[in-house]
Structures are given as C-alpha cells and as structure tokens.
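# Understanding the architecture of this molecule
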Amino acid sequence: MSRTIVEPPRLHAALRESTPLVQCLTNAVVSNFTANVLLAVGAAPAMVDIPGEAGPFARVAGAVLINLGTPREEQRIAMREAAGAASSTGAPWVLDPVAVGLLSVRTALADELLALRPTVIRGNASEIRALAGAGTGGRGVDAVDDVESAGEAAAALARRTGGVVAVSGAVDLVTDGASTIRVPGGDEILTRVTGGGCALGAVVGAFVAAGRAQGTDDIDAVAAAHAVYSAAAERAAAAASGPGTFAARFVDELAEAGR
C-alpha cells in the first residue's frame, strides 16, 4: 500500500525545537561531514564509539546511528554495545549496512545486529538486497541494483525487524513492510560527495527521535528526513559549480530548511 509524506517542514521544525542528541558510530571517512550535517538540520551530534562508553551513552541519546563503513575491531564491540543498549531502552537506532554482501566481516556483523531489531535500516539497493539474502552486494559502496528491484527485500526486512527500511536512489523507497512511501528528488551530484548517504542515516535518526515526541509514525519521520535531504540537495546543486561547492552549499541549505 502506498502512502504520502506527512508534512516534512512541520517535523523539521519540531526537530529544531527539540534538538535530539544523535550518537554516531560511523566510519572514519565521513565523521566530520556527518557531524556538520546534523548540526545544520538542528540536531546535536555525539561521536561516541569506543567500548565502555558506547553502551552507556546510547541509553541517554535521542537516537543512535550505526554505520558499517570502516568497522575496526574496537568499533565493532562498541556497535554491539550501543545497539543492545538502544534496543533495551526503546531508543530509535539506525543501521547503515555499508558494503554488506561483498565483505565478510561487516556482513557477519550486520547479521548479528539485525537480531537486535534496528528501528530503521538505510542503504542502497544492493546493500538492502544483500542484507535480506536476496543478493550478493554492490561494487564496493556503490549499488549495482535499482531501487525498485529491492522493494520486496526491503519489505521483508521491515517485517523481520518490525522496523522501517529505506532504500536510497533516484527515487527513495521507504517501507514498514505494509506501507510504502516513495520520495523523489535530490541530485546525482550528492553521490560524488563522500558521506552523502552516510550522513542521511544520522538525519533519519534525528527525525525519528523528533517524530516520536510528536506522535508521528516512524515511517513518516523517515520519509520526511529523505524529503528534506533531497530538497536541500536540489537547491544546493542548482547553485553549485562542482562537488566541492555543492558540499558547502548543501550544509547551508540544510541549515536554512525548517526555519
């Protein structure tokens, strides 16, 4: 069943009012960009990703992002801690299964984390298909499958975890296993900036945290995050001369949105 997006500007305004604290256990390549994107949308980033701290911090965070981009051994331990703590307290947490299927260590970790029932899984079509056991992964971090080909796998994952699955592409697909929302927009240049997809996972966590405080369903909050993100990318791309100026303008556009 298809449904429409629920008032992204209203949810973004609520996010700015509540300033959710988002704990990010993410990859080393994108940590700074992710933190800046969270600040721009109105959230508070916290890059707490070491054992002994990750679990306790997850118990007080508004949302948690677990991104498998560079899962060194110490961080893998911290990820298990944070996911377990978030699951036990009911805090929303987002799993971004970067390059699963192709690489064995992160694929095994992703399967382990699935048992802790992530609130949201966000990835490209090849990652989602691989995580669901319907594919072997993409070309590194790049998808080789289109979004619609991952629709059934995404819905199955959502039913398995009881959460929401978002598949990023030219038209994003967001599903809870029963309903589906498609979010058009964005710009191809976003794929030429390191961290564009990874930072989106953190923004999704922030929107879900803010949405729950407003009584908004998780699927609607996830779709709203994608809509705000895509709209900012379109505006930034229209004024950018290349990936470098786009990245700066994108952060600026996110900072202006929702005010």
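What comes next is a walk through the structure. Note that the structure is predicted; figures quoted are calculated from it, not measured.

## Things to note about the sheet that holds strand β2 (residues 44-46)
Across the sheet, which stays open at both edges, the eight strands sit in the order β2-β1-β3-β4-β5-β6-β7-β8 with mixed pairing between neighbours. Since the sheet does not close on itself, it has two edges, and those belong to β2 and β8 (180-183), each with one partner. Strand after strand, the sheet turns through a mean of 20 degrees between neighbouring axes, direction not considered. Looking at chain direction, strand β1 (residues 21-25) and β2 are connected through three bridges and run parallel. Bridge pairing in β2 links Leu21 to Ala44. Against the sheet, helix α9 (residues 218-239) engages β5 (120-124), β6 (164-168), β7 (172-175) and β8, with an angle of about 165 degrees to β7.

## Describing the side chain of Asp172
Within the secondary structure, Asp172 sits in strand β7. It turns out Asp172 is buried and unbridged, and the closest side chain with the opposite charge, Arg122, is 6.7 Å from it. Within polar-contact distance, the side chain of Asp172 engages the backbone nitrogen of Gly169 at 2.9 Å. In this structure, Asp172 is in contact with Val167, Ile181, Arg182, Val183, His226 and Ser230, ignoring residues within four places of it in sequence.

## Describing the pairing of β5
By the criterion of burial, β5 is predominantly enclosed, with five of the five residues buried. Judged by which residues are buried, β5 turns out to be covered on both faces: Val120, Arg122 and Asn124 on one side and Ile121 and Gly123 on the other are all buried. Summarising the sheet, strand β4 (residues 93-96) and β5 pair through two bridges and their orientation is parallel. Within β5, the position partnered with Leu95 by the bridge is Ile121. Taking the sense of rotation as the criterion, the β-α-β connection linking β4, helix α5 (residues 104-114) and β5 turns out right-handed. As paired strands, β5 and β6 are joined by five bridges and run parallel to one another. From the neighbouring strand, Arg122 faces β6, where its bridge partner is Ala166.

## Here we look at the layout of surface pockets
The calculated volume of the second largest pocket comes to roughly 180 Å³. Forming the boundary of the second largest pocket are 16 residues, of which Arg117, Pro118, Thr119, Gly162 and Arg212 lie nearest the centre. For the lining of the second largest pocket, the residue count by class is six nonpolar, six polar and four charged.

## Let's talk about the nonpolar core
Counting residues in each nonpolar core, the largest one holds 49 residues, and the members touching the most others are Tyr229, Phe246, Phe250 and Leu254. Among the elements of the structure, α1 (8-18), β1, α2 (31-41), β6, β8, α8 (196-213), α9 and α10 (243-256) are those that each provide at least two residues to this core. Sort the elements by how many residues they give to this core and α9 lands first, with 13 residues. Those residues within four positions of Tyr229 in sequence are excluded, and the remaining contacts are Phe33, Val37, Leu190, Gly195, Gly196, Ala199, Leu200, Val203, Phe250 and Leu254. Leu68, Ala85, Ala125 and Leu157 belong to the second-largest nonpolar core, a separate cluster that totals 34 residues.

## Here we look at unusual backbone geometry
Located in the positive-phi region is Thr19, a residue other than glycine, with phi close to 45 degrees. Turning to its location among the elements, Thr19 is positioned in the loop between α1 and β1. Even without glycine at this site, Ala99 takes up a positive phi of about 60 degrees. The topology assignment puts Ala99 in the loop between β4 and α5. Classification of Ala99 by relative accessible area gives buried; the value is 3%.

## A word on the environment of Val208
Position of Val208 relative to the elements: it lies in helix α8. As a C-alpha pair, Val208 and Thr19 span 189 residues in sequence and 12 Å in three-dimensional space. Beyond its immediate sequence surroundings of up to four residues, Val208 is in contact with Pro92, Thr119, Val120, Asp218, Ala221 and Val222.

## Details of the environment of Ala83
Relative to the assigned elements, Ala83 resides in helix α4 (residues 73-89). Residues Ala83 and Val203, 120 residues apart in the sequence, show an inter-C-alpha distance of 17 Å. Those residues within four positions of Ala83 in sequence are excluded, and the remaining contacts are Ile66, Trp93, Leu113 and Leu116.

Rules and cut-offs
Residues numbered from 1 in each chain as written. Predicted model: local features only at pLDDT ≥ 70, side-chain atom pairs only at ≥ 80, totals over all residues. Heavy atoms only, no water. Pairing = 2+ DSSP bridges. Helix = DSSP H or I, 4+ residues; strand = E, 2+ residues; numbered from the N terminus. Axes fitted to C-alpha atoms, helices over the stretch in contact; angles between N-to-C directions. Contact = heavy atoms within 4.5 Å. Buried < 20%, exposed > 50% of the residue type's maximum accessible area, 1.4 Å probe, protein only. Lys, Arg positive; Asp, Glu negative; His and termini not counted. Salt bridge = Lys/Arg side-chain N within 4 Å of Asp/Glu carboxyl O. Polar contact = N/O pair within 3.5 Å; in protein donor to acceptor, adjacent residues only side chain to side chain. Right-handed = clockwise from strand over helix to strand, strands pointing away. 1 Å grid on protein atoms, 1.4 Å probe; cavity = no way out; pocket = protein on both sides within 12 Å on 5 of 7 lines; lining within 4 Å. Points joined across faces, edges and corners; volume = space filled by probe spheres on them. Nonpolar A, V, L, I, M, F, W, Y, C, P; charged D, E, K, R; others polar. Core = buried A, V, L, I, M, F, W, Y, C linked by side-chain atoms within 4.5 Å.

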